Amino acid sequence: MTTQTTLIPIPAPAARIATLAGAAAALAGTLLPWTWTSEFPGDLTVTGYPGGLQVLTLTGAILTLLFTATGYGIPGLRWLTPGGTNSPVRLLALATLGTTGYAMGAISYELGGVVNLEPGAWVSGIGALIAVIASLALPSDVALPADGPEPNAWQRFRNSLAAPSAPRAKTLPAWAEILVIAAAFGLALYIFTYGIDIPTEDSEQFIGFLITAAFAFTALTRAGLIARITALTTKHRNVTLTAALVAAFCFPFTQDTAEYALIGANILIFATVALGLNVVVGLAGLLDLGYVAFLGVGAYTAALVSGAPLSAIGVQFPFWAAVLTGAVVSLIFGVLIGAPTLRLRGDYLAIVTLGFGEIFRVTVNNLNGNSGPDLTNGSQGIPSIPDLNLFGIDFGLTHDIGPFTLSRPANYYLLMLVVTAVVVLVFRRSGDSRIGRAWVAIREDETAATAMGINAFRLKLLAFALGATLAGLAGTVQAHVNYTVTPEQYQFAGSVPPNSAFLLAAVILGGMGTLSGPFVGAALLYLIPAKLQFMQDYQLFLFGIALVLLMRFRPEGLVADRRKQLEFHETDQLDVPKPRKPDETDAGIAKAGA
C-alpha cells in the first residue's frame, strides 16, 4: 500500500496556480533592470531586453510555466511529461530560484550591498521563491509506502524529486524519429555554443549557466524526455553518430573568435584520448594511471619527425606518415610496457602504470644532452613545430568559406574531428566484436573468463596496445595545435588537462564502457576550469569534492549503460520471490517425504 505525499499542505489546484503566478513574476522581472550600473557583467540595466544572467532566469521561468501547464492536460503539451509531471516543475522552479538568487548575491557582493539591486531583481527573486514554495505543495509523482516507517522531511523532499519511468512511446515513422534526433543534436549544439561563448571574464554568467543547465537536465530526465531521446538514439545508432558528427562539424562555423575554437579543439583532443582510455578502463577493466604518457609519446614523435627547428632527428615527414609513426611508436611502447606488467591485477597494476607515466616524464626531461642523449631538448621541450599543409591547405592561415571565416584553431578542430571519427569507429567496432565481449568478461571476473577459455593475458595486452595507439594518434595532432611539447604537459595530476588523473576522471564521470560518456566528461572537465579561472588555486580540491559527490549519487556516471545501472542501483533490478514461511517449507518437505 502506498500514499501520496506533499511537503506543504496546500490544495493542489491552488499550488499549481501559485506556481504559474510565481514563474510569471520571475519572467516579468527579467524585463526590468536588475542593477543601476553596467559594471556588473552582462549589462543588466536595460528595460525590456534581458541580458546575461537575466536570460538564464527567463529560460528557467518559461520552462517552469510550460511544465506546470502540463498538469492541466492541455493538448499539445502532454508530450513534455511522459514520465513525471510534478517533479520536473519543482526542479525547474529550483533552477529559476538558484540562478536568480545567485545573480542577486553576486551583484550585492561585487557592487557593495543589496542597495545596488533594482526592482526587477526583487520581482524575479520573490516570484521564483513563490514558485518553489508552491511547487513543493504539488503531489509527488512517486508514492511512499504506507506500511513503512514515517519518513522524515529530507526523505519526503527526495521522494518529491523522484519520478516514474516513462512508458514505451508510440512508434513514429522513421523520418519523424530521425527529425527528432536531428533536432535534439541541434539543441545540444546551441546550448554548448551558448556556454562556450560566454566570455572568460564573465564567470558569474557561466556559473549561472551551469546551475540552470544542471537543474534543467535533471528535470528533463524526470519528465522522461531524456529516456525517449535515448530510446530513439539506440534504435538509430548510425543516424545518431552521423548527427553528432554533423553537429560537431558545424561548431567552428558558429565562432567569431579563435579563442573558443581553440577550446573546442582541445576538448576534442581531451575527449579522444579519454575514449582511448575507455578501451583500457571501461571495456577491459585495467586501471591505468599513466595513460597520458602514450599521448606524450605520440606528440614527441610527431614533433621529432615534422621538421621542427630544434628536432634532433632533422627530418620532415608528411602528415600522414607522422601520424602513422606516432601511432606505431605508441603501440610499441604499449606492448613493451604491457607485456611484463599485465599479469598484475588491481592496485598493483595501477601502481606500475603510474610509475611508467612518471618515468616517461622524467626521461624526456633528462634527454637534454647533459643527463642523457640530446633528443627531446629537456625541460625546454621541442618548440616551433610547423603548421600542417594538407592538400594545399595551410592550417596556420585563416580561410574563408562563403560568409564564414575559419581561424587556425578552427582548422585544427576540423582535422581533430576526423581523428575523433576514426577513434569512435575503432571503439565502436571493437566494443561490439567478440574481442569486446571478451574484454567485458575479463572486466567482470577475470578468473571466470579464464576458466571459460579466454586468453586473458593476450586480450589485456591487445586492449593496452590499442589504447596506447589511439592516444598516440591524438598526440600527433596535439603537437601541431600547441606549437610545442614539453615534459610538464604529461604528468599524473595538474591544473591543466589532459593529465592521467583528469583523463581517468573523464571516463568515470561520463560513464565507463560507453561511447558518449568520455566526451561528456571531457567537455565538462575541460570547459569548467577554462571558464572559471579564478578557482584555479582550488581546482584540485573542488575536483575531489565533485568526485566524492559523483560516487555517492551517481556512481555509474552521467551516461551509463544498462549493466552499470543494474549494478549500482538495486531498485532497478528484478524483484526476487519472497521466501516461503518455515511452516510452508516443512509441509512441502513432509509431503515430498510421504
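Everything below is about the structure printed above this text.
Residues numbered from 1 in each chain as written. Predicted model: local features only at pLDDT ≥ 70, side-chain atom pairs only at ≥ 80, totals over all residues. Heavy atoms only, no water.

Turning to the packing of aromatic side chains, a few remarks are in order. Going through the model one piece at a time under the given rule, you end up with 14 aromatic pairs. With a centroid separation of 5.4 Å and 50 degrees between ring planes, the pair formed by Phe251 and Tyr413 is classed as tilted. Within this pair, whereas Phe251 is found in the loop between α9 (237–250) and α10 (258–283), its partner Tyr413 is found in helix α14 (residues 408–432), the two being separated by 162 residues in sequence. Take Tyr413: its relative accessible area is 5%, and that puts it in the buried class. Taken together, the ring pairs in this structure connect Tyr291, Phe294, Phe356 and Phe464 into an aromatic cluster. (Phe/Tyr/Trp six-rings, centres within 6.5 Å; stacked < 30°, edge-to-face > 60°. Helix = DSSP H or I, 4+ residues; strand = E, 2+ residues; numbered from the N terminus. Buried < 20%, exposed > 50% of the residue type's maximum accessible area, 1.4 Å probe, protein only.)

Bringing the environment of Leu503 into the picture now. Note on placement: Leu503 falls in helix α18 (residues 500–510). Linking Leu503 and Ala493, residues 10 residues apart in sequence, is a C-alpha distance of 9.7 Å. Not counting chain neighbours up to four residues away, the residues in contact with Leu503 comprise Phe270, Val273, Ala274, Leu277, Tyr291, Val292 and Pro498. (Contact = heavy atoms within 4.5 Å.)

Before going further, it helps to spend a moment on the pattern of salt bridges. Enumeration over the complete set of coordinates arrives at 6 salt bridges. Arg361 is the salt-bridge partner of Glu488, the closest N and O atoms lying 3.7 Å from each other. Placement of the pair is Glu488 in the loop between α17 (456–481) and α18 and Arg361 in helix α13 (residues 346–366), with a sequence separation of 127 residues. Classification of Glu488 as partly exposed rests on a relative accessible area of 45%. Glu444 is the salt-bridge partner of Arg443, the closest N and O atoms lying 2.9 Å from each other. (Salt bridge = Lys/Arg side-chain N within 4 Å of Asp/Glu carboxyl O.)

Before going further, it helps to spend a moment on unusual backbone geometry. The phi angle at Ser384 is positive, at roughly 55 degrees, despite the residue not being glycine. Here Ser384 shows up in the loop between α13 and β3 (389–390).

In a regular helix each residue adds 1.5 Å, so 17 residues correspond to 24 Å; helix α2 (residues 53–69) covers 25 Å between its end C-alpha atoms and thus fits that length. Turning to α2, its buried residues are Leu53, Gln54, Leu56, Thr57, Gly60, Ala61, Thr64, Phe67, Thr68 and Ala69. Tucked inside the fold, the buried residues of α2 contact α1 (12–29), α3 (87–111), α4 (119–135), α6 (174–196), α7 (203–223) and α8 (225–235). (Expected span 1.5 Å × (residues − 1).)

This part takes up the environment of Leu97. Here Leu97 shows up in helix α3. A relative accessible area of 24% means that Leu97 is categorised as partly exposed. Along the backbone, Leu97 and Gly127 are 30 residues apart, and their C-alpha atoms lie at a distance of 8.5 Å. With residues up to four places along the chain from it excluded, the contact list for Leu97 reads Gly125, Ala128, Leu129 and Val132.

This part takes up the environment of Ala471. Assignment of secondary structure puts Ala471 in helix α17. The buried category is assigned to Ala471, whose relative accessible area is 0%. C-alpha of Ala471 to C-alpha of Val559: the two residues are 88 residues apart in sequence and 22 Å apart in space.

Contact pair α10 / helix α15 (residues 434–444): the axes reach a minimum separation of 8 Å and the direction vectors enclose 50 degrees. One finds that α10 runs oblique with respect to α15. Residue-level contacts link Val279, Val281, Gly282 and Leu283 of α10 to Trp439, Val440 and Arg443 of α15. (Axes fitted to C-alpha atoms, helices over the stretch in contact; angles between N-to-C directions. Parallel < 35°, antiparallel > 145°, perpendicular 65-115°, else oblique.)

The values are spatial; any link to function lies outside them.
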